[in-house]
Amino acid sequence: MSIAASVLETVRAEAANHGGARVARAGLRIGELSGVEPESLRFCLETLVTGSDLDPLAFDFEICPWTRRCRACGAVFHVLEWNPACSACGSADTEAAGVIKWN
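As a starting point, this report considers the structure included with it. Bear in mind the structure is a predicted one, so any value in this text is a computation, not a measurement. (Residues numbered from 1 in each chain as written. Predicted model: local features only at pLDDT ≥ 70, side-chain atom pairs only at ≥ 80, totals over all residues. Heavy atoms only, no water.)

Here the focus is the overall build of the chain. Within the chain, the secondary structure is distributed over 2 helices and 5 strands. Ordered by position from N to C terminus, the α and β elements of the chain give α-β-α-β-β-β-β. Expected size for 103 residues packed as a compact globule is a radius of gyration near 13 Å; at 18 Å, the chain overshoots this value by more than 25%. The dimensions of the chain, computed from C-alpha atoms along their principal axes, are 55 × 30 × 25 Å. Considering the chain as a whole, with its 103 residues, one finds that 27% of them fall into the buried category. The contacts in the chain between residues at least 6 apart in sequence include a share of 59% that link residues at least 24 apart. Accessible surface, the chain as shown: approximately 6,600 Å² in total, 53% of it carbon and sulfur. Side-chain charges in the chain split into 9 positive and 13 negative, and the spacing between the mean points of these groups amounts to 5 Å. (Helix = DSSP H or I, 4+ residues; strand = E, 2+ residues; numbered from the N terminus. Rg over C-alpha atoms; globule rule 2.2 N^0.38 Å. Buried < 20%, exposed > 50% of the residue type's maximum accessible area, 1.4 Å probe, protein only. Contact = heavy atoms within 4.5 Å. Areas by Shrake-Rupley, 256 points an atom, 1.4 Å probe, with all protein chains shown as cover. Lys, Arg positive; Asp, Glu negative; His and termini not counted. Charge placed at Lys NZ, Arg CZ, Asp CG, Glu CD.)

In structure tokens form, the structure reads like this:
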């Protein structure tokens, strides 16, 4: 519930930064290893929004995979089973790759 309240506080602040604009939709990116359960967060957000100044705000969630880039071979890969070693060459010399769109 506290995460949902923080999200709504941020939405209100952004609306105020844009002259009090009415917000219809808010997009959230959730890391797959964040520990946040998307459906629980959606329930909390909808509960807090109903009857508030933000009603009928809708939410779009994007689940972001844990991706790494190999410094040895340059491959970008989705980390599986908590093993950040490169899936292409096996090197442990990897770094965060940011948000990657997987097809």
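Taken as a whole, this structure holds 0 disulfides when the rule is applied. Cysteine C64 remains unbridged, with the sulfur of C44 as its closest cysteine sulfur at 20 Å. Overall, the relative accessible area of 8% leaves C64 in the buried class. Distance from the sulfur of C89, which forms no disulfide, to the nearest cysteine sulfur (C70) is 3.7 Å. (Disulfide = S-S within 2.5 Å.)

Read across the open sheet, the 3 strands follow the order β4-β3-β5; overall the sheet is antiparallel. Strands with a single pairing partner mark the edges of an open sheet, and in this sheet they are β4 (76–78) and β5 (94–96). Each strand axis lies, on average, 35 degrees off the axis of its neighbour in the sheet, ignoring direction. (Pairing = 2+ DSSP bridges. Axes fitted to C-alpha atoms, helices over the stretch in contact; angles between N-to-C directions.)

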